[in-house]
Amino acid sequence: MKTQQAEFVTSAAEPAHWPLFNTPEIVLVGRSNAGKSSLINALTNRNRLAYSGKMPGVTRMINFYRINESLSLADTPGYGYAKRSKADGIRFLADLKNYLAKRENLVAVLWILDIRRDIVAEDQELFAVLKRRNIALLPVLTKSDKLSKSQCLLRVKSLAAQLACSPQDLLVTSALNKTGMSEVWQAVENCLPK
Ligand SMILES: Nc1nc2c(ncn2[C@@H]2O[C@H](COP(=O)(O)OP(=O)(O)OP(=O)(O)O)[C@@H](O)[C@H]2O)c(=O)[nH]1
Ligand SMILES: [Mg+2]
């Protein structure tokens, strides 16, 4: 899909503040610093639509973006950020679980994983919440530019084993050199209601 129009709509944590859309929504979830916000920018071909930063923990609420007036993307705060207070970390995860369990127009989850890192407990926890709903789960491996081709292949195999899926189910991307963007869009389009 080509992004003709992309705009930031609002930031929200509580359900009362979530914007009302009657179009499908795709959410990006993953560990702090995994590359969620950068992927939104790469997917939409915008440099600064979503705020991405050198410091982990830069995304603090759920940020909603509207694309081509036909769908929305939701960027979420990353989990597992050690410097955040424990109470804050628990609250973020609770807000996120609540969103995943209740957001009505949610059709797919882009599960953002740094290709160099293994799955953590929070990943599994959210995965369990999602399994209770009929929502497509699309694992996206980011930062492939940081590894050689052969190292990438090894990591794809290892993460597929950890996720109990086939290596072909993993979308390998780099926001830096924009690889994998059309594959991610294609996977998203396959989840949209016909
Ligand atoms: N080399 C490389 N760096 C990347 C890529 N994607 C993200 N980064 C870098 O990784 C860091 C974190 O990226 P973000 O997009 O802010 O990550 P995030 O998942 O939104 O982080 P939080 O909002 O803190 O949860 C930034 O310094 C990005 O420039 C990539 O594909 N390749
Ligand atoms: Mg972010």
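One structure accompanies this document, and this report is about it.

Reading the values: the criteria
Residues numbered from 1 in each chain as written. Chains lettered and ligands numbered in written order. Predicted model: local features only at pLDDT ≥ 70, side-chain atom pairs only at ≥ 80, totals over all residues. Heavy atoms only, no water. Core = buried A, V, L, I, M, F, W, Y, C linked by side-chain atoms within 4.5 Å. Buried < 20%, exposed > 50% of the residue type's maximum accessible area, 1.4 Å probe, protein only. Helix = DSSP H or I, 4+ residues; strand = E, 2+ residues; numbered from the N terminus. Contact = heavy atoms within 4.5 Å. Phe/Tyr/Trp six-rings, centres within 6.5 Å; stacked < 30°, edge-to-face > 60°. Axes fitted to C-alpha atoms, helices over the stretch in contact; angles between N-to-C directions. Parallel < 35°, antiparallel > 145°, perpendicular 65-115°, else oblique. Nonpolar A, V, L, I, M, F, W, Y, C, P; charged D, E, K, R; others polar. Pairing = 2+ DSSP bridges. Right-handed = clockwise from strand over helix to strand, strands pointing away. Left-handed = near helix turned anticlockwise from the far one by under 90°.

### Notes on the nonpolar core
Within the largest apolar cluster, 31 residues are counted, with the highest numbers of intra-cluster contacts made by V27, F64, Y99 and L100. Elements with a contribution of two residues or more to this core: β2 (25-30), β3 (62-67), α2 (86-102), β5 (106-114), α3 (121-131) and α4 (149-163). Sort the elements by how many residues they give to this core and α4 lands first, with five residues. Sequence-distant contacts of Y99, defined by excluding residues within four places in its chain, comprise W18, E25, V27, I62, F64, A74, L106 and R133. Counting residues in each nonpolar core, the second largest holds 27 residues, with A6, M181, W185 and A187 among its members.

### Remarks on the packing of aromatic side chains
The tally for this structure, following the rule as stated, stands at four aromatic pairs. Ring geometry for W18 against Y99: centres 5.5 Å apart, planes inclined by 80°, an arrangement best described as edge-to-face. Here W18 is found in the loop between β1 (6-12) and β2, whereas its partner Y99 is found in helix α2, with 81 residues between them in sequence. In this pair, the class of W18 matches that of Y99, namely buried. Taken together, the ring pairs in this structure connect W18, F64 and Y99 into an aromatic cluster.

### Overview of the packing of helix α1 (residues 36-44) against helix α5 (residues 181-191)
For any two helices packed against each other, the geometry is given by the interaxial angle and the distance between the axes. One can describe the packing of α1 onto α5 by two numbers: an axis separation of 10 Å at closest approach and a directional angle of 90°. The angle between α1 and α5 falls in the class roughly perpendicular. Between α1 and α5, the residues in contact are L39, A42 and L43 and M181, V184 and W185, respectively. For the contact of α1 with α5, the class distribution of residues is six nonpolar, no polar and no charged.

### Brief notes about the pairing of β5
Among the nine residues in β5, nine count as buried, and that is most of the element. Pairing of β2 with β5, which is carried by six bridges, proceeds in the parallel orientation. In the strand pairing of β5, I26 is matched with A108. When β5 meets strand β6 (residues 136-142), the two strands line up parallel, connected through seven bridges. The residue bridging L113 from the neighbouring strand is L141, located in β6. This β-α-β element, β5 to α3 to β6, shows right-handed connectivity.

### Observations regarding unusual backbone geometry
For N33, which is not glycine, the phi dihedral falls at a positive 75°. Mapped onto the fold, N33 is located in the loop between β2 and α1. Assessed through its relative accessible area of 39%, N33 is described here as partly exposed. A positive phi angle, close to 60°, is found at N45, a residue other than glycine.

### Things to note about the packing of α2 against α3
Direction vectors running N to C along α2 and α3 enclose 25°, while the axes themselves pass 9 Å from each other. Classed by the angle they form, the pair α2 and α3 counts as roughly parallel. Considering the relative orientation of α2 and α3, their crossing is right-handed. Taking contact as the criterion, the partners of L93, L96, K97, L100 and A101 in α2 are, on α3, E122, E125, L126, V129 and L130. Of the residues contributing to the contact of α2 with α3, the split by class is seven nonpolar, no polar and three charged.

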